[in-house]
Amino acid sequence: MHVNAPVTAQLRRITATDNPAIAGVIRRVSAEFGLTADKGYTVADPNLDELYALYSQPGHAYWVVEQDGLVVGGGGVAPLSCSEPDICELQKMYFLPVVRGQGLAKKLALLALDHARAQGFTRCYLETTAFLTEAIRLYEHLGFEHIDQPLGCTGHVDCEVRMLKTL
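Residues numbered from 1 in each chain as written. Predicted model: local features only at pLDDT ≥ 70, side-chain atom pairs only at ≥ 80, totals over all residues. Heavy atoms only, no water.

Naming follows an unreviewed UniProt entry, where the protein appears as GNAT family N-acetyltransferase of Silvania hatchlandensis.

Right, dumping it as structure tokens:
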């Protein structure tokens, strides 16, 4: 009898060769949830195909989730544009269905928050949309609190859920 071992995923920092794969993940997940470019979601980001360069800047970091040699998710953190210098933003958290429910989003978010603390940030902001209920529950579990007004200039005009966490 042959038993398949459970497939494990690994988190690692993004490399330049990951650009097409993670952009593809973000586009697939965005399409799955109807997150269109005309509403200011991540698929409208002009840097979507060059995330390695974007997240190689000071204060920025991005991790990909790799399973069986394929990039199946990712997420990062960066200084919040047009904001106070102590606020970072949790950004571009996208996971294909094959790895959802395995705790990888939590693991990646905690890694990003630890990185943000080490970079000197004292608060972390995020924006999402109300129908991403699993994500919102995760962020609440991690200590993010709902706030009424947007911070910074993210361009996410249809992200009506805004949250902030003290690091």
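On we go from here.
From N to C terminus, the protein includes 4 helices and 7 strands. Secondary structure elements in the protein, listed N-terminal to C-terminal, are β-α-α-β-β-β-α-β-α-β-β. Over its C-alpha trace the protein gives a radius of gyration of 16 Å, about what one expects of a compact globule, namely 15 Å for 167 residues. The burial tally for the protein puts 44% of its 167 residues in the buried class. Across the protein, every contact between residues at least 6 apart in sequence was considered, and the portion connecting residues at least 24 apart equals 64%. (Helix = DSSP H or I, 4+ residues; strand = E, 2+ residues; numbered from the N terminus. Rg over C-alpha atoms; globule rule 2.2 N^0.38 Å. Buried < 20%, exposed > 50% of the residue type's maximum accessible area, 1.4 Å probe, protein only. Contact = heavy atoms within 4.5 Å.)

What follows concerns helix H1 (residues 19-33). Given 3.6 residues per helical turn, the α-helix brings residues three or four places apart onto the same face. For H1, with 15 residues, the first-to-last C-alpha span of 21 Å sits near the 21 Å given by 1.5 Å per residue. Buried within H1 are the following residues: Asn19, Ile22, Ala23, Val25, Ile26, Val29 and Ser30. For H1, the buried positions fall inside an angular range of 155° around the axis, keeping them on one side. For H1, exposure combined with an orientation more than 90 degrees from the buried face picks out Pro20, Arg28 and Ala31. Just downstream of H1 lies glycine 34, where phi reads positive at about 70°. (Expected span 1.5 Å × (residues − 1). Arc of directions from axis to C-beta.)

Right, let's talk about the packing of aromatic side chains for a bit. The final tally for this structure, using the stated rule, is 2 aromatic pairs. Ring geometry for tyrosine 55 versus tyrosine 62: centroids 4.9 Å apart, planes at 45°, classification tilted. Here the two residues tyrosine 55 and tyrosine 62 agree in accessibility, since each one is buried. An angle of 65° between the planes, with centres 5.9 Å apart, marks the rings of tyrosine 139 and phenylalanine 144 as edge-to-face. Both residues of the pair, tyrosine 139 and phenylalanine 144, count as buried. A cation sits over an aromatic face here: arginine 13 above tryptophan 63, 5.4 Å from the ring centre. (Phe/Tyr/Trp six-rings, centres within 6.5 Å; stacked < 30°, edge-to-face > 60°. Lys NZ or Arg CZ within 6 Å of the ring centre and 35° of its normal.)

The next point concerns the state of the cysteines. Each disulfide is one covalent bond, formed between the sulfur atoms of two cysteines. Within this structure, the stated rule accounts for 1 disulfide. Between the sulfur atoms of cysteine 82 and its disulfide mate cysteine 153 the distance is 1.8 Å. Linking cysteine 82 and cysteine 153, the disulfide has an S-S dihedral of approximately 65° and is accordingly described as right-handed. With cysteine 82 in the loop between strand S3 (70-79) and strand S4 (87-95) and cysteine 153 in the loop between strand S6 (145-147) and strand S7 (161-166), this residue pair connects regions lying 71 residues apart in the sequence. The class of cysteine 82 is exposed, set by a relative accessible area of 62%. (Disulfide = S-S within 2.5 Å.)

Located in the positive-phi region is aspartate 68, a residue other than glycine, with phi close to 55°. The backbone phi angle of lysine 92 is positive, close to 50°, even though this residue is not glycine. Along the polypeptide, lysine 92 turns up in strand S4.

Along the chain, glutamine 91 falls in strand S4. If near-sequence neighbours (up to four positions away) are discounted, glutamine 91 is found in contact with Tyr55, Tyr62, Gly75, Gly76 and Ala78.

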